[in-house]
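So the chains spell out like this:
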Amino acid sequence: VQLQASGGGLVNVGGSLRLSCAASAVTFRSYTRAWFRQAPGKGREFVAAIFRSSGRTYYADSVKGRFTISRDNAKNLLYLQMSSLKPEDTAVYYCAADQSIILSQIRIWGSYDLWGQGTQVTVSS
């Protein structure tokens, strides 16, 4: 199983981007999927997750109301729609997936077994 993130780029403050994460395996409905990010000199930070069975979504407080995570199970795609972008959103964004993670673990990057390669998002002021 491989994850491939795409859609990053350079955007002005207040702009929007949509990230995508493609998966090579079928039955991704059974996986909890998430986005994390890592800014230069900082640790990997939880951004958003969508829980495998319920499809319920969870967000970091810093992105709530600005970012939306969604999935297309038929196409094995995960999305992160980002709007009202700020300079502090600048980071490498990673998609992650795990089949057995429990709800209390979804914000912990070490709980995920599968990772994409990352896509750079730069918000310019």
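Fair warning: this is a prediction, and the values are worked out from it, not measured in the lab.

What follows is about the nonpolar core. Grouped together as the largest cluster of nonpolar side chains are 39 residues, with contacts concentrated most on Trp35, Leu80, Met82 and Tyr93. Here leucine 80 is in contact with Leu17, Arg18, Leu19, Trp35, Val47, Ala48, Phe67, Thr68, Ile69 and Tyr93, once residues within four sequence places are set aside.

Attention shifts here to the sheet that holds strand β3 (residues 17-23). The strand order across the open sheet formed by 4 strands is β1-β3-β8-β7, and the pairing between neighbours is antiparallel. Both outer strands of the open sheet, β1 (3-6) and β7 (67-72), are each paired with one neighbouring strand and no more. Going from strand to strand, the sheet's axes swing by 15 degrees on average, the running direction of each strand aside. Taken together, the 6 bridges between β7 and strand β8 (residues 77-82) define a ladder with antiparallel strand orientation. Bridge pairing links aspartate 72 to leucine 77 in β8.

This part covers the side chain of threonine 119. On the secondary structure map, threonine 119 appears in strand β11 (residues 119-124). Within the structure, threonine 119 has its side chain in polar contact with the backbone nitrogen of glycine 8 (distance 3.1 Å).

A separate point is the state of the cysteines. In protein structure, a disulfide is the covalent linkage between the sulfur atoms of two cysteines. The tally for this structure, following the rule as stated, stands at 1 disulfide. A sulfur-sulfur separation of 2.1 Å characterises the disulfide bridge that pairs cysteine 21 with cysteine 95. Between cysteine 21 and cysteine 95 the disulfide shows an S-S torsion of about 60 degrees. By sign, it is right-handed. Taken together, the residues span a long stretch of sequence, with cysteine 21 in strand β3 and cysteine 95 in strand β9 (residues 91-98) at a distance of 74 residues. The class of cysteine 95 is buried, set by a relative accessible area of 0%.

Quick look at the environment of glutamine 81 now. Of note, glutamine 81 is situated in strand β8. Apart from residues no more than four positions distant in its own chain, glutamine 81 is found in contact with Ser16, Leu17, Arg18, Arg66, Phe67 and Thr68.

About the cut-offs
Residues numbered from 1 in each chain as written. Predicted model: local features only at pLDDT ≥ 70, side-chain atom pairs only at ≥ 80, totals over all residues. Heavy atoms only, no water. Core = buried A, V, L, I, M, F, W, Y, C linked by side-chain atoms within 4.5 Å. Buried < 20%, exposed > 50% of the residue type's maximum accessible area, 1.4 Å probe, protein only. Contact = heavy atoms within 4.5 Å. Pairing = 2+ DSSP bridges. Helix = DSSP H or I, 4+ residues; strand = E, 2+ residues; numbered from the N terminus. Axes fitted to C-alpha atoms, helices over the stretch in contact; angles between N-to-C directions. Polar contact = N/O pair within 3.5 Å; in protein donor to acceptor, adjacent residues only side chain to side chain. Disulfide = S-S within 2.5 Å.

The quantities given are spatial measurements derived from coordinates; they are silent on function.
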